[in-house]
Amino acid sequence: MALGKVEAIAQRLLVRLWDDIKAVLSDLNVPTPRPTDDGYRLFEVRPVQAADGPVEVDIARIVFQLPERFSAPTGRTNLYVHVRGRLGLDANALQEGRLRTTSFNTEVAYFRHGRAGLKHVFGAHYDSDAKSLAHPVFHAQMKCYNERGSDVSDSFSLDCASESVITGVFGTARIPTAQLDFFSVVMQLCADHLIDENADDTRRLAFNRMRELRHRFQGAGYAWPFGQAAECMRSAHWYDDAPPIALV
Amino acid sequence: MTAVLLIDDSPELLESLRARLAADLGAQATVLTWVPVDGEQTEVTFKNYIDNNDVRLVVTDYDLTRRGQLGFFGATVVDWCQMRAIPVGDFSRGNTTSLADEPNLFELRVPVDSEDATVSYISAVFRGFVEIRATIDARAELLRQRSPAAALAMMLDAKRLESQFSQYGARYANANPGLIDALTEVASDAAPPPGDLRKIELLTYITGHLLVNAVLRFPGPIAGKKATCAYLAVGQEEYETIRTLLQAANYSGPFRELDDYLWVHKVDETLEGLEDHVSENEVFQSQGTRRRRALEIALGRTLARSPACTRCHGENGGFLCPFTRRAVCERPDCSTVSNVWIPAGARLCRFEKDFYDEWAPILGM
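Residues numbered from 1 in each chain as written. Chains lettered and ligands numbered in written order. Predicted model: local features only at pLDDT ≥ 70, side-chain atom pairs only at ≥ 80, totals over all residues. Heavy atoms only, no water.

**Some points on the overall build of chain A**
When helices and strands are counted, chain A shows 6 helices and 9 strands. A separation threshold of at least 6 residues defines the contact pool for chain A, and within that pool the share at least 24 residues apart is 65%. About 11700 Å² of surface is accessible on chain A, with carbon and sulfur atoms providing 49% of the total. (Helix = DSSP H or I, 4+ residues; strand = E, 2+ residues; numbered from the N terminus. Contact = heavy atoms within 4.5 Å. Areas by Shrake-Rupley, 256 points an atom, 1.4 Å probe, with all protein chains shown as cover.)

**What about the overall build of chain B?**
What chain B contains, in helices and strands, is 14 helices and 11 strands. Relative to the compact-globule value of 21 Å for 365 residues, chain B shows a C-alpha radius of gyration of 22 Å, a close match. Across its three principal axes, chain B shows a C-alpha extent of roughly 75 × 45 × 45 Å. Burial analysis of chain B (365 residues in total) assigns 52% to the buried set. About 15800 Å² of surface is accessible on chain B, with carbon and sulfur atoms providing 50% of the total. (Rg over C-alpha atoms; globule rule 2.2 N^0.38 Å. Buried < 20%, exposed > 50% of the residue type's maximum accessible area, 1.4 Å probe, protein only.)

**Remarks on the state of the cysteines**
Applying the stated criterion across every chain, the model contains 0 disulfides over all chains. Here Cys160(A) stays unpaired: no disulfide links it, and the sulfur of Cys144(A), its closest cysteine neighbor, is 16 Å away. No disulfide involves Cys349(B); its nearest neighbouring cysteine sulfur is the one of Cys321(B), lying 8.1 Å away. Assessed through its relative accessible area of 5%, Cys349(B) is described here as buried. (Disulfide = S-S within 2.5 Å.)

**Re the packing of aromatic side chains**
Applying the stated rule across the entire model yields 21 aromatic pairs over all chains. Where Tyr40(A) meets Phe319(B), the ring centres are 5.4 Å apart and the plane angle is 85°; that geometry is what we call edge-to-face. Highlighted residues: Tyr40(A) in helix α2 (residues 39-42) and Phe319(B) in strand β8 (residues 319-320), drawn from two different chains. The exposure class of Tyr40(A) is buried, given its relative accessible area of 16%. Seen in terms of ring centroids, Trp34(B) and Phe72(B) are 5.9 Å apart; in terms of plane orientation they differ by 50°. Their pairing is tilted. Taken together, the residues span a long stretch of sequence, with Trp34(B) in strand β2 (residues 30-34) and Phe72(B) in the loop between β3 (54-61) and α3 (74-84) at a distance of 38 residues. (Phe/Tyr/Trp six-rings, centres within 6.5 Å; stacked < 30°, edge-to-face > 60°.)

**Looking at the interface of chain A and chain B**
If you look at the interface, chain A gives 23 residues, while chain B gives 26 residues. Carbon and sulfur atoms supply 40% of the area buried between chain A and chain B, which totals about 2100 Å² over both sides. Here chain A and chain B share 7 salt bridges between them. One can count 11 residue pairs in polar contact (both at pLDDT 80 or more) joining chain A with chain B. Ranked by residue count, the leading element in the side of chain A that touches chain B is helix α1 (residues 5-27) of chain A, at 10 residues. Across the side of chain A that touches chain B, the residue classes tally to 7 nonpolar, 5 polar and 11 charged. (Buried area = accessible area lost by both parts, 1.4 Å probe. Salt bridge = Lys/Arg side-chain N within 4 Å of Asp/Glu carboxyl O. Polar contact = N/O pair within 3.5 Å; in protein donor to acceptor, adjacent residues only side chain to side chain. Nonpolar A, V, L, I, M, F, W, Y, C, P; charged D, E, K, R; others polar.)

**Observations regarding the pattern of salt bridges**
Tallying each qualifying case throughout the model produces 52 salt bridges over all chains. Across the pair Arg84(A) and Glu107(A) runs a salt bridge whose closest N-O atoms are separated by 3.2 Å. Taken as a pair, Arg84(A) in strand β3 (residues 79-89) and Glu107(A) in strand β4 (residues 99-114) lie far apart in primary sequence, 23 residues in all. Under the relative-accessibility criterion, Arg84(A) is labelled partly exposed at 37%. Here Glu296(B) makes a salt bridge to Arg293(B), at a shortest N to O gap of 3.9 Å.

**Focus: the domain arrangement of chain B**
Residues and elements named next belong to chain B. When the domains of chain B are assigned, the result is domain 1 (1-215) and domain 2 (222-363). One C-alpha centre belongs to domain 1, the other to domain 2, and the line joining them spans 31 Å. Taken together, the contacts link 20 residues of domain 1 with 17 residues of domain 2. The contact between domain 1 and domain 2 buries some 1600 Å² in all, and 65% of this surface belongs to carbon and sulfur atoms. At the junction of domain 1 with domain 2, the criterion picks out 3 salt bridges. Close ionic contact of Glu 257 with Arg 127 constitutes a salt bridge, the shortest N to O distance being 2.8 Å. The interface formed by domain 1 and domain 2 includes 6 residue pairs in polar contact (both at pLDDT 80 or more). (Domains from an automatic or database assignment.)

**Comments concerning α3(B)**
The set of residues buried in α3(B) consists of Gly74(B), Val77(B), Val78(B), Trp80(B), Cys81(B) and Gln82(B). Ala85(B) lies just past α3(B) and shows a positive phi near 60°.

**What to know about the sheet that holds β2(B)**
Residues and elements named next belong to chain B. Here we have 5 strands laid out as an open sheet, ordered β2-β1-β3-β4-β5, and parallel in their pairing. Strand pairing shows two members of the sheet lacking a second neighbour, β2 and β5 (108-109), which therefore form its edges. Lying over the sheet, helix α4 (residues 115-138) contacts β1 (2-7), β3 and β5, oriented at roughly 150° with respect to β3. (Pairing = 2+ DSSP bridges. Axes fitted to C-alpha atoms, helices over the stretch in contact; angles between N-to-C directions.)

**Side note on the side chain of Arg291(B)**
All names here are of chain B. Summarising the element assignment, Arg 291 is placed in helix α13 (residues 287-299). Despite its burial, Arg 291 pairs with no opposite charge, the nearest such side chain being Asp 268 at 4.6 Å. Residues within four places of Arg 291 in sequence aside, it is in contact with Tyr 231, Leu 232, Leu 271, Glu 275 and Gly 318. (Lys, Arg positive; Asp, Glu negative; His and termini not counted.)

Next comes the structure, spelled out in structure tokens:
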């Protein structure tokens, strides 16, 4: 991989952020994600195509092993979340040593492992689109990713094939969301599965550190043409105005 | 007065070491010596030394049997010290293969390459522990941090690195079961509440070993000469040259005498300034190559590579394999991370891939 200046900065900042996130995951007792948690493997920075154009980063597949709920019986980590995606990073911000999103795409696939084997129980992709008519800028669409069960089985030696319980799920509904880029999804996984009101101080502090780390990664809302979205993602701001046909 | 206790079954060698060490430490410590002899109740003698002196470091030879104490080895002394949370170093001059090169977390491996090396190491380690103890004595808030890693980060005025220190993730009780006994004792109903002194001793013991045997041994937030050269993708013969550019990164904390250590985040800050001079049109194969290029521009000359790598001949660098002691890079065919054999906080360390492929299936690397 050839690294120009902005690509090198992007790789360096992403690896540093990820290393700090790994420290938090360790404090939250998350088993090492597989097949690798090596930041240099996880973030593949593509060569920049145009001067001042965004830096595109592919995020390789990574599988987290988690309890289904924080209150799950000790040691019962039977949920596997497969994540992969892409980030677009603003080149000017990188030159200033900051990570700022221009676009993203995140695909998540949840698998539950139990006596009945490995079940694909939820799948969705999250991305953004400010240009298309009547698209919420940040949204989720459900999707079946059952084929990714083999990554889970191989990574964690589960010795069973995945069976989907969401085959044929309706995928056209664009559900407005917040910005669920890769780092947001990791944060969400922590919130959903690794902490609740019964958590001890170690976990609470780790979770707070994770929230602080998120400030090192700016969202894409600043770029949207309808200004409120930059600061507020209430439903009033999920959709741009639909301009009259005559103006299209 | 604080003291170092030296134990050896060779009075001649012991006296030579004592004299050299006493000269080196001067008024900082009394150097006590003990030659175990036949018929002696060794545990009682040891207890007397500890109870009657302020011993901050014990150093023992591996084989203590020559004067009739059959079965008495340095390993026993190490156990006694670990039970009492006293730093202990051991060495083996007679048979150098008796001890592994790598100590466990709560054990110090004293070099025996030369008496100079032995004396320098013991002095540096002694002063390091004494310095940590003095800092904890002076800053009561260190006792109230949430972990040894947090205390260490505060002690070194590097709170921002706390999470990285915590990734050295030692399970302290696994490394020294004596600590469990110590805690069980103070937690028993019959025991009086532990005073600050005992807490200070234990925090000194744990943070000192965390620093000297984990953080400084496996480069991450702090790097010695070899790791710095690997990080900057230059040959070690260039160290003195590049060092002149990195004054702002000096590490001046405990155990600094063991190597020439630098704060890596401050090295990065210096490099980020220098990288502004790298042409926008230049592309590089690795982060290490970029760093070296920034240094080369600042110095106005080409820097030598580390030639040991058979894959890129030192072109890339960026990391150090702590087992082969060679520079490696992030290329998939060059190195890999390990969360078992290398602490996660050691972000400058990666396994050389050939070595990993050969041994990981057996050793679970």
